[in-house]
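# Residue-level structural notes
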Amino acid sequence: MFRYALAAAIVAPLAITHATAQDTDDVIVEDQAGSEVRGDWVLGARVTSPEGESIGSIEDLILDQEDGSVNAAVVSVGGFLGFGAKEIAVEWSELDIDYDGNEIALDITRDEAEEAPEYSFRDRESPPAPEPATGTGDTGMGTGGTGGMGTGTDGAGGTTQGQ
């Protein structure tokens, strides 16, 4: 009897999942199209002028909540090693991105980019919800300290005893 109950408990969710899977066909995307590039291919990528002059790097993307399109790329320009740089936004459609996102060109000069106004981000109206607890991992409760009892290594392959 227990075997049948266990089998039913396993099969029932699978049957329900299969029945609802047909409803998800319009939601699930199985393959990347040739005209699509991955976000991590362009985030951090260097943007150059058509002459090959470095303009900056893509730091963020601006997405349209209504239709899901990418409106703009936020490019960090100027500065030295990230200090003193400013972020400008450029129309996504103005970027010339190669097939794999390895080369990204923009039809402006470095000087024009540095003279462009800094992009003004809007503030969030409310912060995102906190991650739900999963029931695994550290609960934050512990007895750690800096002079407690324990065993460790001395760096030379031997062990040491705490006091």
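Cut-off values and rules
- Residues numbered from 1 in each chain as written.
- Predicted model: local features only at pLDDT ≥ 70, side-chain atom pairs only at ≥ 80, totals over all residues.
- Heavy atoms only, no water.
- Helix = DSSP H or I, 4+ residues; strand = E, 2+ residues; numbered from the N terminus.
- Buried < 20%, exposed > 50% of the residue type's maximum accessible area, 1.4 Å probe, protein only.
- Contact = heavy atoms within 4.5 Å.
- Areas by Shrake-Rupley, 256 points an atom, 1.4 Å probe, with all protein chains shown as cover.
- Core = buried A, V, L, I, M, F, W, Y, C linked by side-chain atoms within 4.5 Å.
- 1 Å grid on protein atoms, 1.4 Å probe; cavity = no way out; pocket = protein on both sides within 12 Å on 5 of 7 lines; lining within 4 Å.
- Points joined across faces, edges and corners; volume = space filled by probe spheres on them.
- Nonpolar A, V, L, I, M, F, W, Y, C, P; charged D, E, K, R; others polar.
- Pairing = 2+ DSSP bridges.
- Axes fitted to C-alpha atoms, helices over the stretch in contact; angles between N-to-C directions.

What follows deals with the overall build of the chain. Along the backbone of the chain there are three helices and eight strands. Relative to its 163 residues, the chain shows a buried fraction of 16%. For the chain, the share of sequence-separated contacts (at least 6 apart) that also reach a separation of at least 24 residues comes to 36%. As displayed, the chain has an accessible area near 13,300 Å², and 52% of this comes from carbon and sulfur atoms.

Ranked by internal contacts, the top residues of the largest apolar core, which has 15 residues, are V47, I58, V75, I88, V90, L95 and I104. Within the residue set of this core, elements represented by two or more residues are β2 (54-63), β3 (70-77), β4 (86-91) and β6 (104-106). Examining the composition of this core, we find that three residues originate from one element, β3, more than from any other. Not counting the four nearest positions on each side in its chain, V75 is found in contact with V47, G56, S57, I58, K86, E87, I88 and V90.

With that settled, the discussion passes to the layout of surface pockets. Space inside the largest pocket adds up to approximately 350 Å³. If you trace the largest pocket, you find it lined by D60, L61, I62, L63, D64, Q65, Y119, S120, F121, R122, D123 and R124. In the lining of the largest pocket, the residues fall into five nonpolar, two polar and five charged.

Right, let's talk about the environment of E115 for a bit. Mapping E115 onto the fold places it in helix α3 (residues 110-115). On the basis of relative accessibility, which here comes to 66%, the residue E115 falls in the exposed class. Residues E115 and G78 lie 37 residues apart in sequence; the distance between their C-alpha atoms is 9.6 Å.

So, on to the pairing of β4. Residues K86, I88 and V90 of β4 are buried on one face, while the alternating residues E87, A89 and E91, pointing to the opposite face, are not. Note that β3 and β4 share six bridges and pair antiparallel. Bridge pairing in β4 links V77 to K86.

Spatial ordering of the open sheet is given by β4-β3-β2-β1-β6-β5, a layout of six strands whose pairing is mixed. The strands lining the two open edges of the sheet, one partner per strand, are β4 and β5 (95-97). Sheet twist, expressed as the mean angle between neighbouring strand axes with direction ignored, is 40°.

Now for the side chain of T48. Checked against the element boundaries, T48 lands in strand β1 (residues 46-48). Once you skip the residues sitting within four places of it in the chain, T48 turns out to touch E53, S54, I55, I104, A105 and L106.

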